[in-house]
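An overview of the molecular structure
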Amino acid sequence: MTSRSGLSACIITYNEADRIEACLASVRFCDEILVVDSYSTDDTRALAQKMGARVIERAWPGYRTQKQFAVDNAMYDWVLCLDADERVTPRLRQEIEALRDADFTGRAGWSVPRITDYFGRFLRHGNAYPDRLIRLFDRRRGGWSGEEIHENTRVQGPVGKLHGHLEHYSYRSLTDHHMRMQRYADLMAQALYQRGKRCGLAKVLINPAWRFFRGYILRLGILDGWRGLVFGLIEANYVRRKYLGLYIRGKGLPA
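Since we're looking at a predicted model, the values are computed, not measured.

Okay, a nonpolar patch on the surface next. Residues Leu201, Leu205, Ile206, Trp210, Phe213, Ile217 and Leu218 make up a contiguous nonpolar surface patch of about 710 Å² in total accessible area. Along the chain, leucine 205 turns up in helix 6 (residues 201-218).

On the secondary structure map, arginine 227 appears in helix 7 (residues 225-250). Despite its burial, arginine 227 pairs with no opposite charge, the nearest such side chain being aspartate 117 at 7.1 Å. If near-sequence neighbours (up to four positions away) are discounted, arginine 227 is found in contact with Tyr118, Phe119, Arg121 and Leu123.

What follows concerns unusual backbone geometry. It is generally the case that most residues other than glycine have a negative phi and that most peptide bonds are trans. In this structure, the amide linkage connecting tyrosine 129 to the following residue, proline 130, adopts the cis form with an omega of -5 degrees. Looking at the element boundaries, proline 130 is found in the loop between strand 7 (121-122) and strand 8 (131-138). If you check the backbone angles, histidine 150 has positive phi at about 60 degrees while not being a glycine. With respect to the helices and strands, histidine 150 occurs in the loop between strand 9 (142-145) and strand 10 (152-155). For leucine 220, which is not glycine, the phi torsion reads 65 degrees and is therefore positive. Note on placement: leucine 220 falls in the loop between helix 6 and helix 7. What makes leucine 220 partly exposed here is its relative accessible area of 40%.

Contact geometry of helix 5 (residues 174-194) with helix 7 gives a least axis separation of 8 Å together with a crossing angle of 30 degrees. The angle between helix 5 and helix 7 places the two elements in the roughly parallel class. The two elements helix 5 and helix 7 cross, and the hand of that crossing is right-handed. Grouping the amino acids of the contact of helix 5 with helix 7 by side-chain chemistry returns 13 nonpolar, 6 polar and 4 charged.

Before going further, it helps to spend a moment on the nonpolar core. The biggest cluster of nonpolar side chains holds 30 residues, and the ones touching the most others in it are Leu7, Ile11, Leu24, Val27, Leu80 and Leu136. Sorting the residues of this core by element identifies strand 1 (7-13), helix 1 (20-25), strand 2 (32-37), helix 2 (44-50), strand 4 (78-83), helix 4 (90-101) and strand 6 (109-118) as the ones contributing at least two each. Dropping the residues within four chain positions of it, leucine 7 is found in contact with Phe29, Cys30, Asp31, Glu32, Tyr76, Trp78, Val79, Leu80, Ile96, Arg100, Phe104 and Leu136. Counting residues in each nonpolar core, the second largest holds 19 residues, with Tyr118, Met181, Phe231 and Val239 among its members.

Bringing helix 7 into the picture now. Its 26 residues give helix 7 an end-to-end C-alpha distance of 38 Å, which sits within 8% of 38 Å, the value for a rise of 1.5 Å per residue. Backbone geometry just after helix 7 places glycine 252 at a positive phi near 75 degrees.

Inspection of helix 3 (residues 63-72) places Gln66, Lys67, Gln68, Ala70 and Val71 among the buried residues, and these make up the whole buried set. Tucked into the core, helix 3 has its buried residues touching strand 1, strand 2, strand 4, strand 8 and strand 9.

To characterise two packed helices, one gives the angle between the axes of the helices and the distance between these axes. Two elements in contact, helix 6 and helix 7, have axes separated by 8 Å at closest approach and are oriented at 160 degrees. It follows from the interaxial angle that helix 6 and helix 7 lie roughly antiparallel. With respect to the hand of their crossing, helix 6 and helix 7 are arranged in right-handed fashion. Facing Leu201, Lys203, Val204, Asn207, Pro208, Arg211, Phe212 and Tyr216 of helix 6, the residues of helix 7 in contact are Gly228, Leu229, Gly232, Leu233, Glu235, Ala236, Val239, Arg240, Tyr243, Leu244 and Tyr247. Across the contact of helix 6 with helix 7, the residue classes break down as 12 nonpolar, 3 polar and 4 charged.

So, on to the side chain of glutamate 147. Mapped onto the secondary structure, glutamate 147 falls in the loop between strand 9 and strand 10. Among the polar contacts made by the side chain of glutamate 147, one reaches the side chain of arginine 195 at a distance of 2.4 Å. Apart from residues no more than four positions distant in its own chain, glutamate 147 is found in contact with Arg64, Met188, Ala191 and Arg195.

Calculation criteria
- Residues numbered from 1 in each chain as written.
- Predicted model: local features only at pLDDT ≥ 70, side-chain atom pairs only at ≥ 80, totals over all residues.
- Heavy atoms only, no water.
- Patch = residues over 30% accessible without salt bridge, like charges linked within 9 Å, V, L, I, M, F, W, Y side chains within 5 Å.
- Areas by Shrake-Rupley, 256 points an atom, 1.4 Å probe, with all protein chains shown as cover.
- Salt bridge = Lys/Arg side-chain N within 4 Å of Asp/Glu carboxyl O.
- Helix = DSSP H or I, 4+ residues; strand = E, 2+ residues; numbered from the N terminus.
- Buried < 20%, exposed > 50% of the residue type's maximum accessible area, 1.4 Å probe, protein only.
- Lys, Arg positive; Asp, Glu negative; His and termini not counted.
- Contact = heavy atoms within 4.5 Å.
- Axes fitted to C-alpha atoms, helices over the stretch in contact; angles between N-to-C directions.
- Parallel < 35°, antiparallel > 145°, perpendicular 65-115°, else oblique.
- Left-handed = near helix turned anticlockwise from the far one by under 90°.
- Nonpolar A, V, L, I, M, F, W, Y, C, P; charged D, E, K, R; others polar.
- Core = buried A, V, L, I, M, F, W, Y, C linked by side-chain atoms within 4.5 Å.
- Expected span 1.5 Å × (residues − 1).
- Polar contact = N/O pair within 3.5 Å; in protein donor to acceptor, adjacent residues only side chain to side chain.

Given below as structure tokens:
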């Protein structure tokens with residue numbers, strides 16, 4: 001009789017003392033919890049260690065690189081990747097445990113639907129849901145790829161679908177949402193520019209409107225009430241800022 005495969009939970013952190021305990025509590029079923037911390041100035045590291053996590057401190061190189069570093073340093077080949085503001089729900093845990101008991105047979109990875117909390121209620125429509133992401137995978141057949149910002153995972157082989165939610169508690173306030181999306185937009189504009197991408201004013205004007213229309217009308221974000229409206233407006237503003245930043249850079253002007 002062969003033993004089942006082990007599973008490592010991989011989490012990156014920086015000043016997440018207010019959220020790290022809930023995140024780690026949701027992955028206690030994993031055989032290892034690995035936290036890669038970018039020298040937090042709050043109690044993140046101490047809290048993670050107190051809850052049994054193995055903590056590695058490492059200077060911040062970017063989202064994709066840091067997440068791949070965590071995967072590379074995990075004890076087991078099968079990894080479950082989370083952000084500190086995410087939590088595995090009981091249903092998702094049951095699904096993952098069943099897969100582990102079956103030795104993760106038949107797939108190179110599994111995608112999970114992520115559901116975002118927005119001012120006390122989960123968004124269930126629009127561009128925010130279902131936000132399917134491959135977070136459970138065999139690192140021998142995949143890993144983190146893409147830009148340092150808006151990074152994603154890719155695997156070589158069949159991908160299954162899980163149904164339990166990964167809860168996402170991303171935004172602490174409206175200001176936090178605004179500032180985060182502005183930072184992401186600036187980083188994406190710079191990344192696109194460095195890859196040789198350029199754009200005209202048409203994308204600056206049309207793409208934000210399309211993003212809002214697609215999420216709020218076509219994908220029924222309107223059914224999330226005022227939360228769906230606010231989320232859609234900020235998302236459209238992110239797209240506008242991203243392409244405006246790319247346009248300005250293409251003109252040789254300071255962004």
